[in-house]
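Each chain is listed here by its residues.
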Amino acid sequence: MLSTLYKSIMANVVLVLLVCGFYPLIVTGIGQTFFSDNANGGLIQKDGKTVGAKLIGQAFSKPEYFHGRPSSAGDKGYDAANSSGSNLGPTNQKLFDAVKGNVEALLKDNPTLKKGEVPVDLVTASASGLDPHISPESAYVQADRIASARKTDVAQIKAFIEAHVEGPQLGIFGESVVNVLQLNLDLDQKFAIK
């Protein structure tokens, strides 16, 4: 009886060591070796300062920058410690009012944009509230505003957007996207405000 108890205890100790010790070490080692940028949060440095993370969206509201998706994470949005969607269903009046307000604000900020051309990802929040990407179409509809604010040609801004489009993962999973933070950082370098 004692040897059965001893074997049971030893089996549990080995299992705990595997699950709580070796497995996390192996997964962390693989992450740091092959995916170190993502494993460390995708932090972006500029002039020795961390300016954001390419995996977490940020709010941009100035006319000379591309704007990302709205966020419902936290009271002011983009709160990484409070990641969540609004949990509002498609028939909820609050969701309807929020989208309507987002459409009106988008049309006001982008006067050349027509109501029927509004990309859905610019007026609705993602499930996490922290999506760092927008669709290429959402970037293109902001090109006129960006070009005007930066006093440059719209064709140059559209070519700039095209150079930043990331295709589907592994060529087949998901859709093409543009990382808003990376786009805005590169925009400051290539098209400095005059």
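Structural notes, computed from the coordinates. Only a predicted model underlies this, so the values are computations on that prediction, with no experimental measurement involved.

**Section: the side chain of Glu-64**
Along the chain, the position of Glu-64 falls in the loop between strand 2 (49–53) and helix 3 (93–109). Lys-62 provides the closest opposite charge to the buried, salt-bridge-free Glu-64, at an N-O distance of 4.7 Å. What Glu-64 contacts, discounting residues up to four positions off in sequence, is Ile-146, Ala-149, Arg-150, Leu-187 and Ile-193.

**Thoughts on unusual backbone geometry**
Despite not being glycine, Asp-47 has its phi angle at roughly 55 degrees, a positive value. Position of Asp-47 among the secondary structure elements: in the loop between strand 1 (43–46) and strand 2. With relative accessibility at 75%, the residue Asp-47 sits in the exposed group. The backbone of Lys-151 shows a phi angle near 50 degrees, a positive value even though the residue is not glycine. Relative to the helices and strands, Lys-151 resides in the loop between helix 5 (143–149) and helix 6 (154–163).

**Concerning helix 6**
Regarding helix 6, the residues found buried are Ile-157, Phe-160 and Ile-161. Projection of helix 6 onto a plane perpendicular to its axis shows the buried side chains occupying an angular sector of 100 degrees, all on one side. Buried residues belonging to helix 6 abut helix 4 (136–140), helix 5 and helix 7 (180–190).

**Some remarks on the pairing of strand 1**
Of the strand pairs in this sheet, strand 1 and strand 2 are connected by four bridges, and their pairing is antiparallel. What sits directly across from Gln-45, in strand 2, is Thr-50. The antiparallel pairing of strand 1 with strand 2 creates a hairpin that spans two residues between the two strands, and Asp-47 there sits at a positive phi of about 55 degrees.

**Focus on the environment of Gly-171**
Mapped onto the elements, Gly-171 comes out in the loop between helix 6 and strand 4 (178–179). For Gly-171, a relative accessible area of 55% gives the class exposed. Put simply, Gly-171 and Leu-95 are 76 residues apart on the chain and 33 Å apart in space, counted from C-alpha to C-alpha.

**Concerning the nonpolar core**
Formed by 26 residues in total, the largest nonpolar core has its most connected members in Phe-66, Leu-106, Val-118, Ile-134, Ile-157, Ile-161 and Leu-187. Contributions of two or more residues to this core are made by helix 3, helix 5, helix 6 and helix 7. If one sorts the elements of this core by residue count, helix 7 sits on top with five residues. Look past the residues within four positions of Ile-161 in its chain and what remains in contact with it is Phe-66, Ala-139, Tyr-140, Ala-143 and Leu-183.

**Topic: the packing of helix 6 against helix 7**
Relative to each other, helix 6 and helix 7 sit at 135 degrees, their axes nearing to 11 Å. When the axis of helix 6 is compared with that of helix 7, the two are oblique. Here helix 6 runs over helix 7; the crossing is right-handed. Between helix 6 and helix 7, the residues in contact are Ile-157, Phe-160 and Ile-161 and Leu-183, Asp-186, Leu-187 and Lys-190, respectively. Taken together, the residues that form the contact of helix 6 with helix 7 break down as five nonpolar, no polar and two charged.

**Regarding helix 7**
All buried positions along helix 7 are accounted for by Val-180, Leu-181, Leu-183, Asn-184, Leu-185 and Leu-187. Its side-chain oxygen at 3.2 Å from the backbone nitrogen of Leu-181, Asn-179 defines the N-terminal cap of helix 7.

**Observations regarding the packing of aromatic side chains**
Aromatic ring pairs: the centre-centre distance and the angle between the two ring planes describe each pair. A full pass over the atoms with the stated rule returns two aromatic pairs. Note on Phe-60 and Tyr-65: the rings are 5.9 Å apart at their centroids and 40 degrees apart in plane angle, and the pair reads as tilted. For the pair shown, Phe-60 and Tyr-65 are each scored as buried. A centroid spacing of 5.6 Å and a plane angle of 85 degrees characterise the contact between Phe-160 and Phe-191, whose relative ring orientation is edge-to-face. A residue pair is termed long-range when its members are at least 10 positions apart, and Phe-160 in helix 6 and Phe-191 in the segment after helix 7 qualify at 31 residues. Judged by its relative accessible area of 6%, Phe-160 falls in the buried class. Taking relative accessible area as the criterion, Phe-191 reaches 8% and is therefore assigned buried.

Calculation notes
- Residues numbered from 1 in each chain as written.
- Predicted model: local features only at pLDDT ≥ 70, side-chain atom pairs only at ≥ 80, totals over all residues.
- Heavy atoms only, no water.
- Helix = DSSP H or I, 4+ residues; strand = E, 2+ residues; numbered from the N terminus.
- Buried < 20%, exposed > 50% of the residue type's maximum accessible area, 1.4 Å probe, protein only.
- Lys, Arg positive; Asp, Glu negative; His and termini not counted.
- Salt bridge = Lys/Arg side-chain N within 4 Å of Asp/Glu carboxyl O.
- Contact = heavy atoms within 4.5 Å.
- Arc of directions from axis to C-beta.
- Pairing = 2+ DSSP bridges.
- Core = buried A, V, L, I, M, F, W, Y, C linked by side-chain atoms within 4.5 Å.
- Axes fitted to C-alpha atoms, helices over the stretch in contact; angles between N-to-C directions.
- Parallel < 35°, antiparallel > 145°, perpendicular 65-115°, else oblique.
- Left-handed = near helix turned anticlockwise from the far one by under 90°.
- Nonpolar A, V, L, I, M, F, W, Y, C, P; charged D, E, K, R; others polar.
- Polar contact = N/O pair within 3.5 Å; in protein donor to acceptor, adjacent residues only side chain to side chain.
- Phe/Tyr/Trp six-rings, centres within 6.5 Å; stacked < 30°, edge-to-face > 60°.

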